[in-house]
Each structure stands twice: as C-alpha cells, then as structure tokens.
Amino acid sequence: VDVVGGVPPGPTNDECYFQGYSSYHIHEAMLRDAPRTVGYRDAIRAAADTMGAARAVLDVGCGSGILSIYCAQAGAQRVLGVDAAADILTVGRECVRANGLEQRVGLARGRLEELDLGREMAARLPPHADGAALSAADVDVIVSEWMGYALLFESMLPSVLQARDACAAARRQAGRPGRVRMFPAQARLYLEGTCDPGRAGFWKDVHGADMTPLGGLVRSDMAANASVETVAPDSIATDKAEIVNFDLEAVTDAELDLRNVPFVLCPRENKFAAAPDATLVIDALVLSFDTTFNGDNGKKTVLDTSVTAPSTHWAQTCLWLFHDKGDGVTLRRGERMEGRFSMVRGKENQREMEIEVHWTVAGANGVNKSEGKIKTRVGTS
C-alpha cells in the first residue's frame, strides 16, 4: 500500500461505487421498484424464444441475480452474471440456489474489464452437448440494468459496451457473425421545462418565520448540483425535446459524452394566464429517459421514467435555472427556448456527470431576446 504523508490512500471512486452496491438497502429499493423490476421481467419473458435459443446470456452488473434468474426462467440454459460488489454477489448466489437454477446460472465476481469471460463461463456453466467448454464467442444476449439518474450517471454503460464489443469480436473470430442482442436495445434521453414558483418563495415565510438565509444556501446548492426528485406532471410547462437516441447494439463509448446537442422547447399554451401579455417562467429543466426492449415476433417493452409514467427510483433529474442574469427563463406567447445541451463524464470522477446548458429566448420573428447558461452536475455528494 502506498502511503503519502503517513496516511494510507482512501478508496478510489470505483471502490466507493462497488462498495455502495454491496449495500442490501440499495438492492431492496431497486427490487421494490415495480416498474423497473416487472418491466425487465416482462421484457425478458417477451423474448423467451430468444433466451431459449441463446448459447449463453451475459448479465452485466448482476447484483442480486434477479435478471439472471428471470433469463433462466424464460428458458436460457446458460447465464453468467458478473458483478464486482462482493457482498451482494454472495447473496445473489444464494438467491439462484433458492430458485433451483444453480445448474444454469453462474455468478462471477470481478470488474468485467478485468475478467477472463471465457474462463469464467467454462468454470461456472455447463459445457456444450459435445463436451466443449463455453467461451465469450457463445454469448448471444447481454442483459443489464445499467441506467442511472439522467440515464448516464454512474457510467455503467461503458462496461456494458465493452462486454458487447469483446463478445462480438470473439464471435467473429469463431466464425459466428451477427450482432450480440442487447437488453435493452434502445435508450432515449429527454428534456422539458417545469414551473415551480413556490420553490424560491417558500423561504420568505416558513410557517411565519423568514428563513431566507437558509434559502440562499439551498439555492446555491441547487445551482451547483442537479436534484433527483419526482416532478408533478401538471408542473410541466413546455413540450419535450429528445436529446439522444442510443442504438445499444451499435453506439460507441465516445458517443456517450453528449456535446452541444441542439434543442428547442416551446411553452404550452394552457400554462399562460388569460391576459394577452402574460408571461411564463421556466424554473428548471427536467431530464427523463426511456429504454426499449426488443422481444420475439416484433414485441416491444418500454421502461419509461417520464413525469407521466409510474414513479421509479430514478425519478427525474432537475437542472435549476439559477444563472448570472436571474432565476428562471421568462417566455411570452410565441417565444421559445432554443439551446445546446452538453453532458459529459466528470474530469475527476468518471462516474459523475458534468452538465452545461446554453440557451436563447427567440421570438416568433426569430429575434433573440435574451440568453443564459448554467453549469451543474449529477454527482455522488
């Protein structure tokens, strides 16, 4: 162990990440998230023919083993789950045995980037009928629940793509052409505006007390850090812009850093007061996502985290429009918010997201009436 100034180094960002996923409470929260868990179960069941025909299924970030179990229940004969969180993996193996699937499901501990997949598959899964051991070339399907807040927080998707590419390369070398099937197969990220006028005004009169000094500190934190919360559908004041649409069977790691993606948000007419000169203040931009699973015979299952969908543990991610020219973005009838959205992996911690939004308010005649920008983050602290 390297010691600097007499103090051993603390855990790395990745070590903290995997330690966090050894917590049973995190897995309980995810398992109790019915739209998430039932959505994956139903998507896997809708691909029962695909699962049954697969030589092998790889579950990246298997955790408690729930998705590996669902794959085997749907007909998969060989499923390898991989996770670097040691404690939960031990319990996951017990869950596999509790479901009587230990002959078809094996769970391996380690970072996917460092594991020898072929060796793990040969050691933990039954061989082919002719006695030949399995290898990475046998992976036909990859399943993973990799999504984080604002879709990409925690940066698990790069590991999934690395597994996809490694298995695809092994397949080509073994003379098995064709893509590895991905579950989910598609992911889309959306942006829309919300009005929350009570958020800032709350601190002036907190049940009879002026708490604006505390409110100022909260505002500063909200400006620097995106908040994860459930947004009321009736607070949405604009249409929705699609920021990105990933084909998960083809997208590359480099494309996961989103830079200067253009967007346009138009206000909803029913959010204006009756007066002709009424204005509308957009207090925050809201990020949500959905993922699509391709089943057998054209069946599709969509897992949706939008404000109108059943609530999930991802909720929505709010980017508060506190900027150097004031709070919020004011729109009048006929105006729209045009801008560019960037979200990239953090410089110091690749599992965090750094977000920057630039915008202008454009009138009906196309003339820009105001502009602004925010910088914020989706972080671990």
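Before reading further, recall that the structure is shown in the block above.
Residues numbered from 1 in each chain as written. Predicted model: local features only at pLDDT ≥ 70, side-chain atom pairs only at ≥ 80, totals over all residues. Heavy atoms only, no water.

(A) Representation of the sheet that holds strand E9 (residues 258-265) in the model. Reading across from one edge, E9-E17-E18-E19 is the order of the four strands in this open sheet, with antiparallel pairing throughout. Because the sheet does not close on itself, it has two edges, and the strands there are E9 and strand E19 (368-378). Strand-to-strand, the axes of this sheet are offset by a mean angle of 15°, without reference to chain direction. (Pairing = 2+ DSSP bridges. Helix = DSSP H or I, 4+ residues; strand = E, 2+ residues; numbered from the N terminus. Axes fitted to C-alpha atoms, helices over the stretch in contact; angles between N-to-C directions.)

(B) Fine view of the packing of aromatic side chains. This structure, assessed with the given rule, holds five aromatic pairs. Measuring from ring centre to ring centre gives 4.9 Å for Tyr40 and Phe293, while their planes differ by 75°; the resulting arrangement is edge-to-face. Taken together, the positions of Tyr40 in helix H3 (residues 34-45) and Phe293 in strand E11 (residues 284-294) put the pair 253 residues apart, joining distant regions of the chain. By relative accessible area, which is 1% here, Tyr40 ends up buried. The interplanar angle of 75° and the centroid separation of 5.4 Å between the aromatic rings of Phe289 and Trp314 together place this pair among those described as edge-to-face. Of the two residues, Phe289 sits in strand E11 while Trp314 sits in the loop between strand E12 (300-304) and strand E13 (316-320), which places them 25 residues apart along the sequence. Assigned by exposure class, Phe289 and Trp314 land together as buried. (Phe/Tyr/Trp six-rings, centres within 6.5 Å; stacked < 30°, edge-to-face > 60°. Buried < 20%, exposed > 50% of the residue type's maximum accessible area, 1.4 Å probe, protein only.)

(C) Representation of the pattern of salt bridges within the structure. This structure, assessed with the given rule, holds 21 salt bridges. Between Arg36 and Glu145 there is a salt bridge whose closest N-O contact spans 2.9 Å. Of this pair, Arg36 sits in helix H3 while Glu145 is found in the loop between strand E4 (139-143) and helix H8 (157-173), placing the two residues 109 residues apart along the sequence. Each member of the pair, Arg36 as well as Glu145, carries the same accessibility label: buried. The structure contains a network of salt bridges with shared partners spanning Arg111, Glu113 and Glu114. (Salt bridge = Lys/Arg side-chain N within 4 Å of Asp/Glu carboxyl O.)

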